[in-house]
Amino acid sequence: MMTQSAVDFIIDYLLAKRPDLTSIDLDLDLIENRILDSLGFVNFLYVVEEHTGTEISLDDVTPEDFRTVRSIAKRFFDGADVG
């Protein structure tokens, strides 16, 4: 089951990269709002791999997997929905 700690981990990571933001909604479009760009995406992918202990192949992911905090949590943190 996906835990609140996974959501907190994702949000804390993204907020650390964007100190101009104070919060990120679970359904905010991270790509459209430029919270994740192409370089940030690759770095974030490595961080998620490290945090989950699971290798993620670029062939197995789509931009939709990283569109929102909710989609990241659902796809990479045991598939459970949040909130």
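Here the structure is shown first, and the text comes after it.
Just so it is clear, the structure is predicted and the values come from calculations on it, not from any experiment.

Criteria and thresholds
- Counting of residues starts from 1 at the beginning of each chain's written sequence and follows it residue by residue.
- Per-residue local features are limited, in this predicted model, to residues with pLDDT of at least 70; the limit for side-chain atom pairs, both in listing and counting, is 80 or more; totals at the level of whole chains, interfaces and linings are taken over all residues.
- Computation of side-chain values covers all heavy atoms of the structure but excludes hydrogens and water.
- The buried label goes to any residue with under 20% of its type's maximum accessible area, the exposed label to any with over 50%, and the partly exposed label to all in between, with areas taken from a 1.4 Å probe on protein chains only.
- In this text, helices come from DSSP runs of H or I with a minimum length of four residues, and strands from runs of E with a minimum of two, each type numbered from the N-terminal end.
- One speaks of a salt bridge when a side-chain nitrogen belonging to Lys or Arg is within 4 Å of a carboxyl oxygen belonging to Asp or Glu.
- All axes here are fitted lines through C-alpha atoms, helices being fitted over the stretch that makes contact, and every angle between N-to-C directions spans 0 to 180 degrees.
- With respect to orientation, any angle under 35 degrees is reported as roughly parallel, any angle over 145 as roughly antiparallel, any angle of 65 to 115 as roughly perpendicular, and every other angle as oblique.
- Crossing chirality is assigned from the near helix's rotation relative to the far helix, an anticlockwise turn below a right angle marking it left-handed and a clockwise turn marking it right-handed.
- We call two residues contacting when some pair of their heavy atoms lies within 4.5 Å.
- Residues are grouped as follows: nonpolar covers Ala, Val, Leu, Ile, Met, Phe, Trp, Tyr, Cys and Pro; charged covers Asp, Glu, Lys and Arg; every other residue, Gly included, is treated as polar.
- Residue types Ala, Val, Leu, Ile, Met, Phe, Trp, Tyr and Cys, when buried and joined through side-chain atoms within 4.5 Å, form a set referred to as a nonpolar core.

(A) Spotlight on helix H3 (residues 69-76). The buried fraction of H3 is high, at six of eight residues. When H3 is considered as a whole, its buried residues turn out to be Val 69, Arg 70, Ser 71, Ile 72, Ala 73 and Phe 76. Phi for Asp 78, located one or two positions after H3, is positive at around 70 degrees.

(B) Here's a closer look at the pattern of salt bridges. Counting across every chain of the model gives five salt bridges. Among the salt bridges present, the one from Arg 70 reaches Asp 27, with a minimum N-O distance of 2.7 Å. Taken together, the positions of Arg 70 in helix H3 and Asp 27 in the loop between helix H1 (4-17) and helix H2 (38-52) put the pair 43 residues apart, joining distant regions of the chain. Taking the shortest distance from any N to any O, the salt bridge between Asp 29 and Arg 67 comes out at 3.1 Å. Of this pair, Asp 29 sits in the loop between H1 and H2 while Arg 67 sits in the loop between H2 and H3, and the two are 38 residues apart along the sequence. Taking relative accessible area as the criterion, Arg 67 reaches 22% and is therefore assigned partly exposed. Taken together, the salt bridges that share partners define one network made up of Asp 29, Glu 64 and Arg 67.

(C) Summary view of the packing of H1 against H3. At their nearest, the axes of H1 and H3 sit 10 Å apart, and the two run at 130 degrees to each other. Of the possible angle classes, the one that applies to H1 and H3 is oblique. Two packed elements cross with a definite hand, and for H1 against H3 that hand is right-handed. Between H1 and H3, the contacting residues are Val 7, Ile 10, Ile 11 and Leu 14 on the first element and Val 69, Ile 72 and Ala 73 on the second. Tallied by class, residues from the contact of H1 with H3 come to seven nonpolar, no polar and no charged.

(D) How the structure looks around the environment of Ile 11. Relative to the helices and strands, Ile 11 resides in helix H1. Between the C-alpha atom of Ile 11 and that of Glu 50, which follows or precedes it by 39 residues, the distance is 16 Å. Setting aside its immediate chain neighbours within four residues, Ile 11 contacts Ile 24, Leu 26 and Val 69.

(E) Molecular detail of the nonpolar core. Of all hydrophobic cores here, the largest spans 24 residues; its most connected members are Ile 10, Leu 14 and Val 69. Contributions of two or more residues to this core are made by H1, H2 and H3. The element contributing the most residues to this core is H1, with eight residues. Apart from the residues lying within four places of it in its own chain, the contact partners of Leu 14 are Ile 24, Leu 30, Ile 35, Leu 36 and Val 69.

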